[in-house]
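# A closer look at the structure
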Amino acid sequence: MSGYLSVLRPLFVLLWIFCIRCEAARSFAILKNLTGAVLGRPLVVPETKHGQQPSTKYVEEPERVVEMVERSINSSRRELSYLSCGTGNPIDDCWRCDSDWEDNRKRLADCAIGFGRNAIGGKNGRFYVVTDPNDYDAVNPRPGTLRHAVIQSEPLWIIFQRDMVIQLKEELIMNSYKTIDGRGVNVHIANGPCITVQYVTHIIIHGIHIHDCKPAGNAMVRDSPTHYGWRTISDGDGVSIFGASNIWVDHCSLSSCTDGLIDAIIGSTAITISNNFMTHHDKVMLLGHNDDYTQDVKMQVTVAFNHFGEGLVQRMPRCRHGYFHVVNNDYTHWEMYAIGGSANPTINSQGNRFLAPVSRSSKEVTKREYTSESVWKQWNWRSEGDLMLNGAFFVPSGAGASSSYAKASSLSARPSSLVASLTGNAGVLTCKKGSAC
């Protein structure tokens, strides 16, 4: 008997912890039954069918008692996780459980992870409320417009008075230390040029629908209160990151742009792209300018907890030169490939779920661009803990040692079996005042 109790004692302690919460009464009853089973009394196990009385069974082996305790603990953990708003997603669990999120908006700035974890946006500035969805003049923007907000020299946390669709006349060129926060309203930047983050730092873009972005240019555009200049034709990206650092794009929904949904080039680094929902697009994400631009060797980008969804073709992402941590994303659609690259990037793929398309010619997750195998087999690309479905396969190369991926490691990967829950709320969230998002 003492041996049985020594086996069960630590499990009883764990179960008793769970009794503290609202499940106390039910958990205590389970504890009582299990204790009785160890002492030779019957263990009552309720049947699952409605209308039947619980049956009584004797449990003589301690292993069965342990199994019952573990099941109870796991069940209670799931229920308590729900009650406490825990999702397992470390970014979301940092702020989403707070029903007073509206009064504590800037808490978001403490929740970034990955290579862009130091991005603070407008945390140290005042709130700026966008009241006017129009974009009257790209050189002399009116107060109350989004363009007027993003060009200011001071740190600003930019929020929106109401739902709005913002159709820009020219690129929205952001100044440093800005947060664009769309929580609580439904904000679309669409049907025109979109966001440019160029030679600035500390930018957070959160909770915005960005779609149907188009090229513009050959026009004067203001980028600060004291400067405006001539802009050539833009690419039509959703978010263009150009020579910038400490950038975080989180919980946005992006689709149907002319060029990339999110592109980072020209020495950009310290970037996290997380919790976004991307659909209906060809060249999704370019990280690295071109094969000859070796300054991108310093680039470090985390791509985490995103859902790459319906209608996507390729570049999720396509990488050059730098270090890329692709972790706990859900890939449910691609037509050509998911992850590609050239010019010797280091790609660390961990804990993702890859669901291959029906086409036999597109089962491979990876693609090396414009390079012979004798060259790319030296590149460090690895798949660790990824879940491959419907015939998906990842072709690794280079070193297998973890030390080779130190510069491409930015957070601890969760098991790929959890990807559905980790990415289940990817994209713009529905946040209401007084309730957790």
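Report follows, based on the coordinates. A quick note: this is a predicted structure, and the numbers were derived from the prediction, not measured. (Residues numbered from 1 in each chain as written. Predicted model: local features only at pLDDT ≥ 70, side-chain atom pairs only at ≥ 80, totals over all residues. Heavy atoms only, no water.)

## Notes on the environment of Thr269
- By the element assignment, Thr269 lies in strand β18 (residues 269-274).
- What makes Thr269 buried here is its relative accessible area of 15%.
- Sequence separation between Thr269 and Met299 is 30 residues; the distance between their C-alpha atoms is 4.4 Å.
- Setting aside residues up to four positions removed in sequence, Thr269 forms contacts with Ala244, Ser245, Asn246, Lys298, Met299 and Gln300.
- Reaching out from Thr269, the side chain makes a polar contact with the backbone nitrogen of Gln300 at a distance of 3.0 Å. (Helix = DSSP H or I, 4+ residues; strand = E, 2+ residues; numbered from the N terminus. Buried < 20%, exposed > 50% of the residue type's maximum accessible area, 1.4 Å probe, protein only. Contact = heavy atoms within 4.5 Å. Polar contact = N/O pair within 3.5 Å; in protein donor to acceptor, adjacent residues only side chain to side chain.)

## Quick word on empty space enclosed by the protein
- According to the stated counting rule, one finds one cavity of 30 Å³ or more in the structure shown.
- By volume, the largest cavity is sized at about 30 Å³.
- For the lining of the largest cavity, a count of residues per class yields three nonpolar, one polar and four charged. (1 Å grid on protein atoms, 1.4 Å probe; cavity = no way out; pocket = protein on both sides within 12 Å on 5 of 7 lines; lining within 4 Å. Points joined across faces, edges and corners; volume = space filled by probe spheres on them. Nonpolar A, V, L, I, M, F, W, Y, C, P; charged D, E, K, R; others polar.)

## Describing the state of the cysteines
- The final tally for this structure, using the stated rule, is three disulfides.
- Here Cys94 is linked by a disulfide to Cys111, with a sulfur-sulfur distance of 2.1 Å. Here Cys94 and Cys111 share a disulfide; its torsion about the S-S bond, -75°, makes the bridge left-handed. Here the residue Cys94 occupies a position in helix α4 (residues 90-95), and Cys111 occupies one in the loop between α4 and β3 (126-130), the gap between them amounting to 17 residues.
- Cys431 shares a disulfide with Cys437; S-S distance 2.1 Å. (Disulfide = S-S within 2.5 Å.)

## Considerations on the nonpolar core
- Judged by nonpolar contacts, the single largest core of 66 residues is most densely connected at Leu146, Phe160, Val197, Met278 and Leu287.
- Ignoring sequence-local partners within four residues, the contact set of Leu146 consists of Val130, Asp132, Ile158, Phe160, Ile166, Leu172, Ile180 and Ile189. (Core = buried A, V, L, I, M, F, W, Y, C linked by side-chain atoms within 4.5 Å.)

## Concerning the pattern of salt bridges
- If you walk through the whole model with that rule in mind, you get 13 salt bridges.
- The salt bridge involving Arg147 is made with Asp135; its shortest N-O contact spans 2.7 Å. Here Arg147, found in helix α5 (residues 146-150), pairs with Asp135, found in the loop between β3 and α5; they are twelve residues apart in sequence, far enough to count as distant. This pair shows no difference in class: Arg147 is buried, exactly as Asp135 is.
- The shortest N-O distance in the salt bridge between Arg382 and Glu384 comes to 3.6 Å.
- By sharing partners, the salt bridges in this structure join Arg105, Asp181 and Arg183 into a single network. (Salt bridge = Lys/Arg side-chain N within 4 Å of Asp/Glu carboxyl O.)

## Brief notes about the sheet that holds strand β19 (residues 277-279)
- Spatial ordering of the open sheet is given by β5-β8-β11-β16-β19-β23-β27-β30-β33, a layout of nine strands whose pairing is parallel. The sheet is open, and its two borders are formed by β5 (164-166) and β33 (387-389), each paired with just one other strand.
- Where β19 meets strand β23 (residues 307-308), two bridges bridge the pair, whose relative direction is parallel. Looking at β23, one finds that Met278 is bridged to Phe308. (Pairing = 2+ DSSP bridges.)

What is shown is where atoms sit, not what they do.
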